[in-house]
Each structure stands twice: as C-alpha cells, then as structure tokens.
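Listed below, chain by chain, are the residues.
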Amino acid sequence: MASSQHEQVLVEEKSFARILTFNRTKQLNALSFQMISRLLELFLAYEDDPNVKLIILKGKGRSFCAGGDVAAVVHDIRAGGWRAGANFFMKEFTLNYLMATYSKPQVSILNGIVMGGGNGASMHGRFRVATENSLFAMPETALGLFPDVGASYFLSRLPGFFGEYLGLTGARLDGVEMFACGLATHFVPSAKLPMLEAALCAVDSSDPAIISSIIGQYSERPSLKEQSVYNRLDVIDRCFSQKTVEEILSALEREAVDRREGWISTTIQTLKKASPTSLKISLRSIRVGRLQGVGPCLVREYRMVCHVMRGEFSKDFFEGCRAILLDKDKNPKWEPSKLELVADSTVDSYFSKVKNEDWEDLKLPARPKFNLPPYVIAKL
Amino acid sequence: MDRAYQRTRILTNHLILNSPAQTDCLTSNECLSYSPPELSEKYAFDVSEMRRLMDGHDVEERDRLFGLIIQSKLFNPRVRGGKVFVSPDYNQSMEQQREMTWKRIEYLLERGVFGGWMTGKGEEVEMKRFACFEVLGLFDHSISIKLGVHFFLWGGAIQFFGTKHHHDKWLRDTENYLIKGCFSMTELGHGSNVRGIETVTTYDSNTGEFIINTPCESAQKYWIGGAAKHATHTIVFSQLNINGTNEGVHALIAQIRDADGNVCPNIRIADCGHKIGLNGVDNGRIWFDNVRVPRENLLNSVADVSPDGKYLSAIKDPDQRFAAFLSPLTAGRVNIAVNAVYQSKVGLAIAIRYALTRRAFSLKANEPEVLLLDYPSHQRRLLPLLAKIYAMSFGANYLKMLYVRRTPQSNKTIHVVSSSFKATCTWSNMQIIQECREACGGQGLKTENRVGHLKAEHDVQSTFEGDNNILMQQVSKALFAEYVAAQKRNKVFKGLGLEHMNKPCPVIPSQLTSTTLRCSQFQMDALCLRERELLNRFVADVSQCLARGESKEHAFNTNYQLAEDLGKAFSDRAIFQTFVEAEATLAAGSLKDVLGMVRSLYALTCLEDVTYLRYGYLSVDNATAVRREITKLCSELRPHALALVSSFGIPDAFLSPIAFNWIDANSWSSVQH
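Just so it is clear, the model here is predicted, and its values are computed rather than measured. (Residues numbered from 1 in each chain as written. Chains lettered and ligands numbered in written order. Predicted model: local features only at pLDDT ≥ 70, side-chain atom pairs only at ≥ 80, totals over all residues. Heavy atoms only, no water.)

Engineer: I tried to follow the interface of chain A and chain B on my own but got confused; where do I start?
Structural biologist: Often, the extent of an interface is quoted as the loss of accessible area on bringing the components together. Across the boundary between the two partners, chain A contributes 33 residues, which contact 40 residues of chain B. For the chain A and chain B pair, buried surface summed over both sides reaches about 3200 Å², with 57% attributable to carbon and sulfur atoms. On the surface where chain A and chain B come into contact, there are three salt bridges. Close ionic contact of Arg 284 of chain A with Glu 60 of chain B constitutes a salt bridge, the shortest N to O distance being 3.4 Å. One can count ten residue pairs in polar contact (both at pLDDT 80 or more) joining chain A with chain B. Among the elements that make up the side of chain A that touches chain B, the one with the highest residue count is helix H13 (residues 276-289) of chain A (three residues). The residue makeup of the side of chain A that touches chain B, split by class, is 14 nonpolar, eight polar and eleven charged. (Contact = heavy atoms within 4.5 Å. Buried area = accessible area lost by both parts, 1.4 Å probe. Salt bridge = Lys/Arg side-chain N within 4 Å of Asp/Glu carboxyl O. Polar contact = N/O pair within 3.5 Å; in protein donor to acceptor, adjacent residues only side chain to side chain. Helix = DSSP H or I, 4+ residues; strand = E, 2+ residues; numbered from the N terminus. Nonpolar A, V, L, I, M, F, W, Y, C, P; charged D, E, K, R; others polar.)

As structure tokens, then:
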C-alpha cells in the first residue's frame, strides 16, 4: 500500500509489480540524495525478490523528474567541500548503472518534465513511455556541467548526430520527438495511463516481449509536428558530426545563410550562451561514450564530474548554478569565456584520474554473471 | 504459441534460478546461457592507457571517425544480439560493392575527413592520415585500398615526382575528389620487376606532346585499382624513349575518362573481374593506343624533356633515377604493414572474446564445461599471437615515425625497414587470422563474424606493393651491402640497428632459468646472436660464390634460404627493439608488468623458431626450457587476455556477433520471420 505522504519516493506493491512514484512536487521531483539512496535500496532489494517482476517508475504532478537536485549539491559543496558533491554523483551514477544492468524490466512513465538526472533514472531502463505532456532536455551545458548520468551512453546511441545536438544545446523535445528518436520506446496518450498501469500491474512475467506487447496495446504512433527539428536530421548530421565545437558552430552558421530557418539561429544562440568548457568536454564525452559500454561511460563521467566539482580547471559549474539557480540573473560569466581559449590539454584533463590521495574511480556494483537479459548484456 | 510458452518458461527459469550466491560455474539451467566476460574478467591495468600506447597517436581523431562510420546508414549497420555491427554486405554483387565503396568515400569527403590530406604538410598531417587509414581499414579493406590508390599512389606520385606546377594543378582537386586518380605501374607481363615494363612513351617535338603506347598484350596495365569504373586520371609508368634512346622508366599523367565517366579516345579499359576479396575495388586493365598528352604531364622532379625534345636529368645514373621513382611506394608499404597489424587485432579480439564465453567438454561428468581459453592448448594457440601483435604494433608505430620524419639520409633505412616489416606483418596477419578462424570453429566461417572473411580480403597484402619474398631478399641484400661496406672501409656498423655487430658476440648460458628467459637483455642478446650469425654465414656463402667467379645475382639466388632466414632474423630483432623502447617509456606499475610478460612471450616465441635449432644457437635443453616458459607465460597472461584485447581500442561495432552475445544473436527471435 501507499507509504507515508511525506516520503519522497512513494512505494506501491501491486501483485508482481512495484510502482515507485517521485513525490517531491514542489521541486518538480528533483532527485535528492535521499531519493537516490532510497531508489538504490529498493532496486537492490527487488532484484533478489522473486515476487517482483516489474518496476514502474513515475512522477507525481506535472513532472517525472526535473533532474538531480543541483542546488542542494552546490550548497553541500560550499559547506563540506567537493567530496560532498562527489558523493552525490557516486550514488546517482551507481543507481544509473544498476538500472542499466537490471535483470527485471523497468517501465518509466514520462508524463511531464524529464530532464538531466530524470533521464538518468529512466533512459537506462528497458521501457520509456512518453505522452503528450513529456518534455525532455539535457540542459547541463547551460549550467556549466555536462550531460552526465550515463548520457554519454544513451545520447550517443541516438540516430546520426542527434545526440550531440541534444547534449550540446540542451534542446527540448516533446513526447512525439522522444518516441521518434528512440529516447522513448512507446507513446501513450496520458488519458490511457491509468489503464496501462492497471494492465501492467496484472503482469506476472519479466519477459520484455510480453510487457512490450501490453504497453503496445495502449500506444499510438503519433506523427511529428512539421517544424520538429527531428525532421531536420540531415542538417543536424552535417553540422553536429563536425570535429570540434568551433567547427559545429561554423557549419551551423553556413547552414543559417543557406536556409533561413529559425531553429538554426536558436541553436547558434544557445551554443554561444553555454559554457565553452562544458561544450568541449560534453562533445568529447559523447564521442568517447559512443564507443564504450554503459559501465565505462559512467566511470568516465564520474571522473569528469569530480573534476567539475573540484573546480580545478574551470569554476563554470558554480557560476552556472549562481546565475541560473541561485541569483537567477541568467547571465553567467564563463571562464574561459570563449571556445578558442579552452585548450585541448584542459579538455584532456577532465578525462584523467583525479589526483587526490584517497580518491578512487567509481566502483560499479557487482552484477550477476549469468542470466542477465540480452538487452542488458548488450550494454556492457 | 508453444514456442512462446517455452521461451517464457526458459526466461522465467533464468530469472528465478538467478541465485544470489554467484559462482564461476554454470548453474543448473536447462540450457547454456551467455555470460559476458566483462563481468567475470578483471582489468589489472588501465585499458585506455594501454590503448594510447598501442595506437600511439591521434586517438580522438580515430574515435571521431569510428563514430562517423557507426552513425551512418551507409556503413551497413546491423543489430545482432542487441548490438550494432558495421561491415560491408559482402553478399552484394561486385558492382554493388564498388558503388557502396564509392558512396562511403563521398560521405567521408562531405564530412571533411580528407581535409589537408594532399594540401597539408608535415608530420602531424601524415600521422593523422595513417590513423584514418587504420580506422577505415578496420571497417573494410576495399575502402582503404580505394582511398590508398587515390591519395598515396596517385596523389603521392604527384607530390614526389611532380614539381610545383603539378602540385598547384592537381593536389587540391585530388583532395576534393574533383578528379579520381589511379596508378598504372603493373602490367600483365611485369609486376615486381618494374624495370621490365613494356609500355613505351615517345616525344613529338612538333606538337610538344608525349605519345604513350601499349605495344603488345603483355604490356597492358593490370590490376589498376579504380581504373575499371571510377578513375578519371592515371599516373602511367613507361619506358621513356627519346630520339631512339631508352632513358628508362618514367611517370606521366594521362586522362582516361571525362568528367561524365566516358572513357577517353585511344584508351581501352577492361575489368579485372571478380576476385577472392577486395571486390569493392574496381581493378581494371588499360591499353594505350598512341595516347597523346602535353609535355607538362611528365612528372619531372627527377628528369625532364625540353620542348625541343632533349632529355635532361640531374641524376645521371639510371639505377638511382629508377630508385627515386619507387620512393612513393614506401608510403604504401608502411600503410600495408600497419593495416595488417590492425586486421590481426580484429581477429584476435574476436577469437579471444569468443574463447572467454564458449565452453567445450567437462573434465568430469556433471561438471560445467570448460571455457575454451582455460585450456592450456587454446592459450598456447592464441596468446603468443597476441604477444606478436603487441610487438608488431610497436614496430608499426616506429615505422610510421621513421617514415614521416624521413630525410634523404634515412631513405635506405626506410626502404629496408618498411620492406621487412611489410613482409613480416602481412605474413603474420594471414597466419594469425587463420588460427583465429580455426579457434572460432564453425562460427569462424560465417562472413558476419568477420574473422574468416578477413583472410580473403587481406591475402593480397603478401604480394602487392612488393612481393613479400622479394622484399625479404632485398632486406638481406641490403644487410649484405652494409656488411661489405663496413668491412671494406674497416668501419663500425652504423644504422639499421646493426650496432650490436660491433660488440663481442653474446653468449647464451648453457642452463636457461626462468629469470634469464624473462630478462629483456637476454632476449635481445638471443635475437642479435641469430641475426649476427646468419649475416656472417650469408656473407661467407655469397662471398664463396663470388670467389668462384659467379655473378652477385646468381650468388644471391642460390643462397635464397639463408637470405630468407636472415630477413626474418632482422625483422624479429628490429621489432623486438621497438617493443623494448615502448616499454621503457612507462612508469613502474601494473601496466608495465603485464607488458613485460607480453614482451617475454613475444621474444620466446621468436626463439622457438626453427633456425635456433637448425644452426645450433640454442641447445636442445635450452629449446625445451624456452618452450616450457612459453606455456607458463601463457597461463600467467590468461587472466589479462580480455584487458589486452580491449586495449586494441576497436569499438564493439567493428568486431562481430560471436565476440559478444552469440546465443542471443542466433536466437529464434532474431530470425526474420
């Protein structure tokens, strides 16, 4: 039965299904350390519980989950040093890995905002259900961070160079676009969600084929809006396949001359407003992530995020949080301020081990060696 | 319905029986399950660091190119076992394969991959170009050969044999593929012996034109990559006959097709037809029927003909003139050697990953079956080859650096080293791929699993751009010349790594212990000893022939066996040296420790060569000790096998289904129905 209304994660047990609901509506269900710990605990327990065959994840209110609670992280770092921040991400990335390699299907109902850490808590699972209310973004570069939570794995595997586009610009997608590009596995109109949920709760199997066909019964194949960027994948591929951020920008500028389409100038403006350091490390991260399994992606992202928290090479993350989350002047002063001032060697540094005595690489939790479902094995 | 039920039941069993206490043995399932090696094998060293050492340069450039390939539909991505794999559809007709190869090149061109390849200069550009070739070669041999002909042979000929006006006129257009070049050297009647080609060029001073002619059928240009379909221009090698004097082999530019792809007048082109591999390359044959080209089309860095028809050359010696013409082939040889190493990496990564997931036979009844790689015999088959490929990677990196830092003084060294490494790496590649194919059993036969198919695709490497046997003979001849020169001038040996000849002959201890066998100084001594002794013996035998009044050529021909052994000894020692140098750059730690074991395994595998017993460099007891140590090293390297092949940095998509979840890749649900 439903747990206490004060809990940040509500738990319902329905036959072989477990429904976990983010319940922090004021913060648009932003993930707190407490929520992450709770999810980790529940997922670990459910894995060994033969009475659990399916996990449903959803959010209360108009948001699935708006991201990690970055404001709290910054607060913790100010109080307790960068290690406090690192601990948050260590826990979060561990959860991301567990979800990515989970032996039972996770169905995330993305009926609202799903951003940053919210994507980390859903995209790695087997099923992602979008609705007409879905609103996707990985907006980290505007914050002086980079698409983390395993985004270098799931963004890089989107068609063409759409992942680079989403990760660098933080562009927003609606539910139809999410489904079209593969971020969502299904599109279900929100009106049908209660029926879908009921049907899922009646399932007594972990077979993805069975679960997929159940969701399929409530799904639609909606068509993209004519002006959707996903219809411009050819242009996105041409530009975002370029070698460097600088070259991506000049490719976009060339396209802007050839075709006067609003989204291109918006894209250019967004890139120019984002942290130059963030853009460069994000591009590299996605490119490297494309060739790595989900585990190595998270280990690498953890290294990167520790460097960001330490602020050794750039303090853009703190400046971004100040300008966007705290002072809300929306006018961050990035340092270095221009792309050409960010040296390749600085970018390299973000991918190296953190030189700190008791720092360690992210330790991925052990996974069963046998009988992981094939869709999990394929991600390793 | 039955099937669905059965599948559900099996899956359910998998999940329910998934006991929390994990052991290394199979649980009592109804059927085998695939256990990913990533979850059971440990990495004792930083794989990305090892990869940087192995690739040596341009890692980001490589990754970007890998990404460009994986993300494009043109590279035939297929999903098997939940993973995407790219490789050409070799079941397409020859014509379709050629068109796809060309479309892929156009895509890479649009993405700016070839930027600076012709117009850029310097070490950095050339190393980056090598890196790109390595990546493209991992996708498909045809695309790398098709590009290699255009850039390295056609473009290289213009760069090396041409002068400023050729560079200005052709290089930019070559880089942008406004023209498509090919390289007409080989003829039906003459391959390795380029000096014997029969195509003739004369000069008409009335019109200021050269006239190129194919005088007989054996003079038809043969195997010309790009000629059958796409090339618009070619470099033509021919005997230049000026006023009745044959000035030897020279190179000219001739157009063979117009911009619309129509064959030019007085040119006849035929297809070489279907081949055992490389069908994405349109090899053709060309006949020239008194084709006229302007005087400026002579690539005149070595020699020129004045408007009134006088032959002019700064190099008077026709031998030297000829040698100058062959230098661009060196870049091709470097490329082939390096490419061969990367193909072996694909084979080994696939075979070793498969051996870490495939089981066969139980030791006792009711016990789980044993992983292939846990059999000492299987380790013995694959791990020495793995060590060899590590060694050859360092050799290839050394060769690339030698090439891009070339000076007029280093030409000889480059020629000798590239010849020997090309022969060694390509021969090893065929041996390695064959072993890997067998190690994969029947799965190795499926084209989609790559390892078997690579054999057909890369067989050509042992004969093109210099037949391996002939290259090795040239190496021995060069070593002979070094020896004679040092003797004559009573000077010390300098260069080609022969400095060890100046020192006293190393002594091999009569009782080899494990410690000695793993010591790099001992390993180097043993390799130097063999090279030194074989060189002495070769020189002595050839000199004896000469003393009997035989010609030098005849003397070399009769001593071909020693020449072969010597060429191999030189190559093994030179490659080992690059390994030792690479190892020396590392700080103490687990990476260096593992690499040290790999180095020992490589060295001892070299010492197992029959020459050591044939000529008595090792006693029978010592040879036995070497063999025993190899077995030990194999078992010690077994736990690092996955990390060592992961360090190749080859993305999963460039391996094949049997390297991953081969059960799911073959499941009924994956069948199109």
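What follows picks up the thread again.
Engineer: Explain the packing of helix H14 (residues 468-488) of chain B against helix H16 (residues 520-547) of chain B here, please?
Structural biologist: For any two helices packed against each other, one specifies the crossing angle of their axes together with the interaxial distance. All names here are of chain B. One can describe the packing of H14 onto H16 by two numbers: an axis separation of 10 Å at closest approach and a directional angle of 85°. By the angle between their directions, the pair H14 and H16 is classed as roughly perpendicular. Where H14 approaches H16, its residues Ser 476, Leu 479, Phe 480 and Tyr 483 are matched on the opposing element by Leu 535, Asn 536, Phe 538, Val 539, Val 542 and Leu 546. A breakdown of the residues in the contact of H14 with H16 according to their chemical character gives eight nonpolar, two polar and no charged. (Axes fitted to C-alpha atoms, helices over the stretch in contact; angles between N-to-C directions. Parallel < 35°, antiparallel > 145°, perpendicular 65-115°, else oblique.)

Engineer: Before we go on, may I ask you to explain the pattern of salt bridges in this structure?
Structural biologist: When their charged atoms lie close together, side chains carrying opposite charge are able to pair. Residue and element names in this part refer to chain B. Within this structure, the stated rule accounts for 65 salt bridges over all chains. Residue Glu 60 pairs with Arg 52 through a salt bridge whose shortest N-O separation is 2.9 Å. What makes Glu 60 partly exposed here is its relative accessible area of 30%. Given the relative accessible area of 43%, Arg 52 is considered partly exposed. Linking Glu 95 and Lys 229 is a salt bridge whose minimum nitrogen-to-oxygen distance equals 3.6 Å. One end of the pair, Glu 95, is in helix H5 (residues 94-110); the other, Lys 229, is in the loop between strand E6 (221-225) and strand E7 (233-242), with 134 residues separating them in the sequence. When salt bridges that share partners are traced, they join Arg 51, Asp 55, Arg 62, Asp 63, Glu 134 and Lys 400 into one network. (Buried < 20%, exposed > 50% of the residue type's maximum accessible area, 1.4 Å probe, protein only.)

Engineer: Can you walk me through the side chain of Lys 379 of chain A in this structure?
Structural biologist: All names here are of chain A. Note that Lys 379 resides in the segment after helix H17 (374-377). Of the side chains bearing the opposite charge, Glu 47 lies closest to the buried Lys 379, which forms no salt bridge; the N-O distance is 11 Å. Other than its neighbours up to four places away in sequence, Lys 379 contacts Ala 100, His 124, Tyr 153, Gly 293 and Val 294. (Lys, Arg positive; Asp, Glu negative; His and termini not counted.)

Engineer: Could you clarify how one ought to interpret helix H11 (residues 245-258) of chain A in this entry?
Structural biologist: Since the α-helix turns once every 3.6 residues, residues separated by three or four places project in the same direction. All names here are of chain A. In this model, H11 (14 residues) spans 20 Å end to end at C-alpha, consistent with the 20 Å of a helix rising 1.5 Å per residue. Of the residues making up H11, those classed as buried are Val 245, Ile 248, Leu 249, Ala 251, Leu 252 and Glu 255. One face of H11 carries all of its buried residues, which in axial projection span an arc of 160°. Along H11, the residues that are exposed and aim more than 90 degrees away from the buried face are Val 257 and Asp 258. Elements that come into contact with the buried residues of H11 comprise helix H6 (162-169), helix H10 (233-240), helix H12 (262-273) and H13. (Expected span 1.5 Å × (residues − 1). Arc of directions from axis to C-beta.)

Engineer: Just to check I follow, could you spell out helix H3 (residues 47-55) of chain B for this structure?
Structural biologist: Among all positions of H3 of chain B, only Val 47, Met 50, Arg 51, Leu 53, Met 54 and Asp 55 of chain B are buried. Gly 56 of chain B sits one or two residues past H3 of chain B and shows a positive phi near 80°.

Engineer: Which parts of the structure should I look at to understand the sheet that holds strand E9 (residues 173-174) of chain A?
Structural biologist: The strands making up a sheet associate through backbone hydrogen bonding, with each pair oriented either parallel or antiparallel. Residues and elements named next belong to chain A. Taken together, the four strands give an open sheet; going across it, the order is E4-E6-E8-E9, and neighbouring strands pair in mixed fashion. Looking at which strands have only one partner, the edges of the open sheet turn out to be strand E4 (63-65) and E9. Here two bridges tie E4 to strand E6 (residues 113-115), and the two strands are oriented parallel to one another. Bridging from a neighbouring strand, Ser 63 pairs with Ile 113 of E6. (Pairing = 2+ DSSP bridges.)

Engineer: Looking at this structure, how should I read the state of the cysteines?
Structural biologist: Linking two cysteines covalently through their sulfur atoms gives a disulfide. Applying the stated rule across the entire model yields zero disulfides over all chains. With no disulfide of its own, Cys 239 of chain A lies closest to Cys 181 of chain A among cysteine sulfurs, the gap being 18 Å. Given the relative accessible area of 0%, Cys 239 of chain A is considered buried. We note that Cys 634 of chain B lacks a disulfide partner, and the nearest cysteine sulfur, in Cys 606 of chain B, lies 14 Å from it. Since its relative accessible area comes to 1%, Cys 634 of chain B is described here as buried. (Disulfide = S-S within 2.5 Å.)

Engineer: Where do I start with the packing of aromatic side chains in this structure?
Structural biologist: Geometrically, a pair of aromatic rings is defined through the distance of the ring centres and the angle of the planes. Taken as a whole and assessed by the stated rule, the structure comprises 42 aromatic pairs over all chains. Judged by centre distance (4.8 Å) and plane angle (70°), the ring pair of Phe 133 of chain B and Phe 152 of chain B falls under edge-to-face. On the criterion of sequence distance, the pair formed by Phe 133 of chain B in helix H6 (residues 123-139) and Phe 152 of chain B in helix H7 (residues 141-161) is long-range, its members being 19 residues apart. On the accessibility criterion, Phe 133 of chain B (4% relative accessible area) is buried. Classification of Phe 152 of chain B by relative accessible area gives buried; the value is 5%. An aromatic cluster is present here, built from Trp 102, Phe 114, Trp 117, Phe 130, Phe 133, Phe 151, Phe 152, Tyr 177 and Tyr 403 of chain B joined pairwise through their rings. Its end group placed over the ring of Phe 16 of chain A, Lys 53 of chain A keeps NZ or CZ at 4.4 Å from the ring centre. (Phe/Tyr/Trp six-rings, centres within 6.5 Å; stacked < 30°, edge-to-face > 60°. Lys NZ or Arg CZ within 6 Å of the ring centre and 35° of its normal.)

Remember, this is a structural readout, not a statement about activity or role.
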